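Here is what each chain is made of, one letter per residue.
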Amino acid sequence: MGTSHVIIGDGIAGSSAAETIREADPAAEITVLTDEGEALYNRILIKEFAKGKMPEGPISIHQPEWYDERDIELKLNTMVTQIDTNAQIIHTHSGESIEYDSLLLATGGTPAQLPVENSDADGIHHFWTFEDARAIEEHADRAENGVIIGAGLLGIDLAAICGAQDVRADYLMRGNAWWRYALDEEGAEIMHEAMRKRDVTPVFESGVERFEVDDSGHVSAVIDPNGERYETDFVGIAIGLNFNTEFLRGSGIELTDDGSIVVDEQMRTNVDNVYAAGDVTYFYDQILGEQAQNGAWGSAKEQGSIAGTNMVRDTGSDVDEATFHWVSSYSITHFDFPFLSFGHPTIGDDAVERKYSDSEWRRVVLKDGKVIGGVLIGDLAPQTTLKRLARQQIDVSDRKEALLEESISMEQFTPQEAEQ
């Protein structure tokens, strides 16, 4: 019998961990549990499917045969209800008990619901899974008017879906700009204008007081806190995630107040032989020098690989310890210009920003004089240098304006390091 590794969650974090474990330990027993009914798919591409621009085929990453070929047991439609960390046993909704030598928690989250009247009405969609994307694509294809709620990166996906599906939509935002924590008004206005060109109208200082429904229980209108009424037959909501960790209460695993799992830079929790990776983690970020969260696809994949390596190491295999040191990035291609955010663009103690044209803008965020994140609209070429500055944590406090030059290179900031 080989060492038993159990992974809860078959997103990119869980799948990356399973693949890493198998490569490092051919004799290991690997079990992947997921409450979804299908194997790993590309969460980044499901928005293109919902826009009606892509068939289902390319979105699927792993077929069941992928797991069979690697001797990985995949259990679909399996809900974990409890973990006994003392006995190292997992309990499922069907009454099954599964023992483990090491355990990875990669459970992700569930879209948060608006706590208002009729929020569960037909025609109101949340966007997270492939099943969500299928429902949205089908409904948007026949809808005429829409309302989008949630001024973040998932919200703009829903706005773009309406634009691509020819659904005239109002995009309700609580503040005065889209993603106002990362963009100033000039940068945000580039995005606003792109939305308007696709018949999606940003509505500021708004929100949702309640939903109205017709006689069949289908959403018919949104009433905002100002008393404005927006008729609609399609609603998309993206206001954040509730982490799927309720089953961990009482397990001894440290959770934050919002339910995310506290881990160190090796993806270890405070409980022996238990690890976590992906959206659900509140991890020690070596670049920030403090705990942080990041839900980007690349970050989750790397965390899964780090966790998998350390799971194998900590159960006796001769592999080097792995440490998470990563600058994430997230890009969207909804409009006629590229958009990319990297690192931690919504925090920090200083920032520089500049608008170059009606479709080009840049913001670089610093903490203690060092780059920790930013947003690029239009020209994405500077991302390579900016990410390297973040990874190497080079003090640029006396050269901040150079970060905004149209073309930048490492030589401007670290001549010696760049030559090595």
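Everything discussed here concerns the structure shown above.
Residues numbered from 1 in each chain as written. Predicted model: local features only at pLDDT ≥ 70, side-chain atom pairs only at ≥ 80, totals over all residues. Heavy atoms only, no water.

The strands making up a sheet associate through hydrogen bonds between their backbones, and the pairing can be parallel or antiparallel. Spatial ordering of the open sheet is given by β4-β5-β6, a layout of 3 strands whose pairing is antiparallel. Where the open sheet ends on each side, the last strands, each with one partner, are β4 (80-84) and β6 (97-99). When the angles between neighbouring strand axes are averaged without regard to direction, this sheet yields 20°. Sheet analysis places β4 next to strand β5 (residues 89-92), joined by 4 bridges and oriented antiparallel. In the sheet register, Ile83 faces β5, and the bridge partner there is Ile90. (Pairing = 2+ DSSP bridges. Helix = DSSP H or I, 4+ residues; strand = E, 2+ residues; numbered from the N terminus. Axes fitted to C-alpha atoms, helices over the stretch in contact; angles between N-to-C directions.)

Overall, the coordinates contain 8 aromatic pairs when judged by the stated rule. For the ring pair Tyr41 and Phe130, a centre distance of 5.4 Å and an interplane angle of 45° mean the geometry is tilted. Note that Tyr41 is positioned in the loop between β2 (29-33) and α2 (46-50) and Phe130 in helix α4 (residues 130-140), a separation of 89 residues in sequence. In this pair, the class of Tyr41 matches that of Phe130, namely buried. Taking the centre distance of 6.3 Å and the plane angle of 50° together, the rings of Trp179 and Phe339 count as tilted. Within this pair, whereas Trp179 is found in the loop between β11 (168-172) and α6 (185-196), its partner Phe339 is found in strand β23 (residues 339-343), the two being separated by 160 residues in sequence. Here Trp179 falls in the buried class, since its relative accessible area comes to 12%. Three or more aromatic residues link up through ring pairs in this structure, and these residues are Tyr41, Phe49 and Phe130. Against the face of Phe130 rests Arg134, its NZ or CZ located 3.8 Å from the ring centre. (Phe/Tyr/Trp six-rings, centres within 6.5 Å; stacked < 30°, edge-to-face > 60°. Buried < 20%, exposed > 50% of the residue type's maximum accessible area, 1.4 Å probe, protein only. Lys NZ or Arg CZ within 6 Å of the ring centre and 35° of its normal.)

Each regular strand shows side chains that alternate between the opposite faces of the sheet. Within strand β14 (residues 219-223), 4 of the 5 residues are buried, which leaves the element mostly enclosed by the surrounding structure. Linking strand β13 (residues 210-213) back to β14 in an antiparallel pair, the connection comprises 5 residues, with Gly217 at a positive phi of about 85°. Here β14 folds back onto strand β15 (residues 229-231), and the loop between the two strands holds 5 residues, one of which, Gly227, carries a positive phi near 90°.

What follows concerns the nonpolar core. In terms of nonpolar packing, the biggest core is built from 52 residues, with Ile8, Ile83, Ile90, Leu103, Leu104, Leu105 and Ile261 touching the most fellow members. Of all the secondary-structure elements, those providing two or more residues to this core are β1 (4-8), α1 (12-24), β2, α3 (64-69), β4, β7 (102-105), β19 (274-276) and α7 (297-314). Grouped together as the second largest cluster of nonpolar side chains are 42 residues, Tyr41, Leu158, Trp179 and Ala188 included. (Core = buried A, V, L, I, M, F, W, Y, C linked by side-chain atoms within 4.5 Å.)

Another aspect to go through is empty space enclosed by the protein. Counted according to the given criterion, the structure contains 2 cavities of 30 Å³ or more. Put simply, the largest cavity is a space of about 70 Å³. Considering the residues around the largest cavity, the lining is formed by Phe283, Asp285, Ile287, Asn294, Ser299, Phe324, Trp326, Val327, Ser328, Gly343, His344 and Ile372. Split by residue class, the lining of the largest cavity holds 6 nonpolar, 5 polar and 1 charged. (1 Å grid on protein atoms, 1.4 Å probe; cavity = no way out; pocket = protein on both sides within 12 Å on 5 of 7 lines; lining within 4 Å. Points joined across faces, edges and corners; volume = space filled by probe spheres on them. Nonpolar A, V, L, I, M, F, W, Y, C, P; charged D, E, K, R; others polar.)

Under the criterion given, the structure shown has 26 salt bridges. Glu48 serves as the salt-bridge partner of Lys51, at 3.5 Å between the closest nitrogen and oxygen. Owing to a relative accessible area of 8%, Lys51 belongs among the buried residues under this scheme. Residues Arg168 and Asp170 are paired through a salt bridge, measuring 3.1 Å at the closest nitrogen-oxygen approach. What you see here is one network of salt bridges that share partners, running through Glu38, Glu56, Glu131 and Arg134. (Salt bridge = Lys/Arg side-chain N within 4 Å of Asp/Glu carboxyl O.)

This next bit is on the side chain of Asp25. On the secondary structure map, Asp25 appears in the loop between α1 and β2. Comment: no salt bridge for buried Asp25; closest opposite-charge side chain is Arg22, at 5.6 Å. In this structure, Asp25 is in contact with Val312 and Ser317, ignoring residues within four places of it in sequence. (Lys, Arg positive; Asp, Glu negative; His and termini not counted. Contact = heavy atoms within 4.5 Å.)

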